[in-house]
Amino acid sequence: MKTGRRFKRVGRSKKRVQLTQPQDDCCLVKCTPQSAILNPLGLDRITILPPSFFQIDALDLAPRLLGKFLRRDDVILQITEVEAYRANDSACHGRFGITARTAPVFGPGGHAYVYLCYGLHTMLNVVADKEGVGAAVLIRSCAPVSGLVTIQQRRSQITEKPVLLTGPGKIGQALGISTEWSNHPLYLPGGLELLDGPEPKGILIGPRVGIEYARPEHVSALWRFAIAGTPWISAPKNTLRPPSS
C-alpha cells in the first residue's frame, strides 16, 4: 500500500499562540513553543469542530487533530500524538466488519469510537471519513490544559510529568470515559467535545505501535503523528522522525 505522503496537505498556521500564566487548576506544566498550551480562559473563544472537519481520509485527519482540544467537564486536553487507521487496513478494527463493538467505526466522521484494550484500557478514537468507510484515528497522547486535579484523581497518579497522559489508555482514564461513550458525537456541545486549536509548528511521523499482527506494509506505514518538540509523547520515541522533504 502506498502511503503517498498525504499528510503534507496539512497547512501550517502562521498565527502565534500567546501563552499566559496558569491560574487555579490550570495546566501547571512547562510546555515548549512547539506544543503551546492555551490558558483555559482563551478556550471560551474557540469553536467546536464541525462534522465536515472529520469526514476526510483518516490519514489526512490524523495530523490535523494535533494541537486540537478534547474537553469533558472541567478537563481539557491538547492532542499531541495520534495514529491513523484506514479502511482496508489490516490493523484497523474495521477489518472485522460491522459488529456490536465496531459499528461506530462505520458511522460518519466526527463520532467517538471507544473500546477496551485487554479488557482494561479505555481507548478513544475519532471516527474519520464518510459513513460506511470504517476508519478512525487513535488518540495516543495529550498534554493537560485544565482540570489537572481531576486528571490526577482519575489516573490515581499525583504527578505533573508526561507519564500522566502519554499512552492511549491514560487518555480515556483522564477523561473519565467508558465504552458507553462510543458513537458519541464530538461536534455537539456538552459531554465530550473536540475543539479547534493551533496547528503545530512541526510534526514527527513514524510507524504505529503494537500492530505486529498486521500485514508488513501496514506495520511499516508511517501513520503515527506527533507534535515535534513536546515531551508529551508515548514510547517508543526513537521511531519518530521529521517528515522527509
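For the structure itself, consult the block above.
Conventions and cut-offs
- Residues numbered from 1 in each chain as written.
- Predicted model: local features only at pLDDT ≥ 70, side-chain atom pairs only at ≥ 80, totals over all residues.
- Heavy atoms only, no water.
- Salt bridge = Lys/Arg side-chain N within 4 Å of Asp/Glu carboxyl O.
- Helix = DSSP H or I, 4+ residues; strand = E, 2+ residues; numbered from the N terminus.
- Buried < 20%, exposed > 50% of the residue type's maximum accessible area, 1.4 Å probe, protein only.
- Contact = heavy atoms within 4.5 Å.
- Axes fitted to C-alpha atoms, helices over the stretch in contact; angles between N-to-C directions.
- Left-handed = near helix turned anticlockwise from the far one by under 90°.
- Polar contact = N/O pair within 3.5 Å; in protein donor to acceptor, adjacent residues only side chain to side chain.

A.B. asks: Sorry, what's going on with the pattern of salt bridges here?
C.D. replies: Opposite charge on two side chains allows them to pair when their charged atoms are near. Counted under the stated rule, the structure contains nine salt bridges. The shortest N-O distance in the salt bridge between Glu-83 and Arg-140 comes to 3.7 Å. In this pair, Glu-83 sits in strand E2 (residues 75-85) while Arg-140 sits in strand E5 (residues 135-146), placing the two residues 57 residues apart along the sequence. Given a relative accessible area of 0%, Glu-83 falls into the buried group. Overall, Arg-140 belongs to the buried group, its relative accessible area being 7%. Between Asp-89 and Arg-208 there is a salt bridge; the shortest N-O distance is 2.5 Å.

A.B. asks: Which parts of the structure should I look at to understand helix H4 (residues 168-175)?
C.D. replies: In an α-helix, one turn spans 3.6 residues, which is why side chains three or four residues apart end up on the same side. For H4, a buried count of six out of eight residues is recorded, marking the element as mostly surrounded by other parts of the structure. Within H4, the full set of buried residues consists of Pro-168, Gly-169, Ile-171, Gly-172, Ala-174 and Leu-175. Summarising the contacts, the buried residues of H4 are in contact with strand E1 (69-72), E2, strand E4 (121-128), E5, helix H3 (148-155) and strand E6 (192-195). After H4 finishes, the residue Gly-176 shows a positive phi value of roughly 70°.

A.B. asks: Sorry if this is basic, but what is going on with the packing of H3 against H4 here?
C.D. replies: Describing two packed helices takes the angle between their axes plus the distance from one axis to the other. The geometry of H3 relative to H4 is characterised by a closest axis approach of 8 Å and an angle of 115° between their N-to-C directions. Every pair of crossing elements has a handedness; the one defined by H3 and H4 is right-handed. For the pair H3 and H4, the contacting residues are Ile-151, Arg-154 and Arg-155 in the first and Lys-170, Gln-173, Ala-174 and Leu-175 in the second.

A.B. asks: When you look at H3 in this model, what are you seeing that I'm missing?
C.D. replies: When H3 is considered as a whole, its buried residues turn out to be Leu-148, Thr-150, Ile-151, Gln-152 and Arg-155. Next to the buried residues of H3 lie E2, E5 and H4. Trailing H3 by a residue or two, Ser-156 shows a phi angle of about 55°, which is positive.

A.B. asks: What is the right way to read the environment of Trp-181 from this model?
C.D. replies: The topology assignment puts Trp-181 in the loop between H4 and E6. Separated by ten residues in sequence, Trp-181 and Gly-191 place their C-alpha atoms 9.1 Å apart. Beyond its immediate chain neighbours, meaning those up to four positions away, Trp-181 contacts Arg-72, Ala-112, Val-114, Gly-176, Gly-191 and Leu-192.

A.B. asks: In this structure, what is going on with the environment of Lys-170? I would like to understand it.
C.D. replies: With respect to the element layout, Lys-170 can be found in helix H4. For the pair Lys-170 and Ser-141, spaced 29 residues apart in sequence, the C-alpha separation works out to 8.0 Å. Not counting residues up to four positions away in its chain, the partners in contact with Lys-170 are Arg-155, Val-163, Leu-164 and Leu-165. Polar contacts involving the side chain of Lys-170 include one to the main-chain carbonyl oxygen of Val-163, which spans 2.8 Å.

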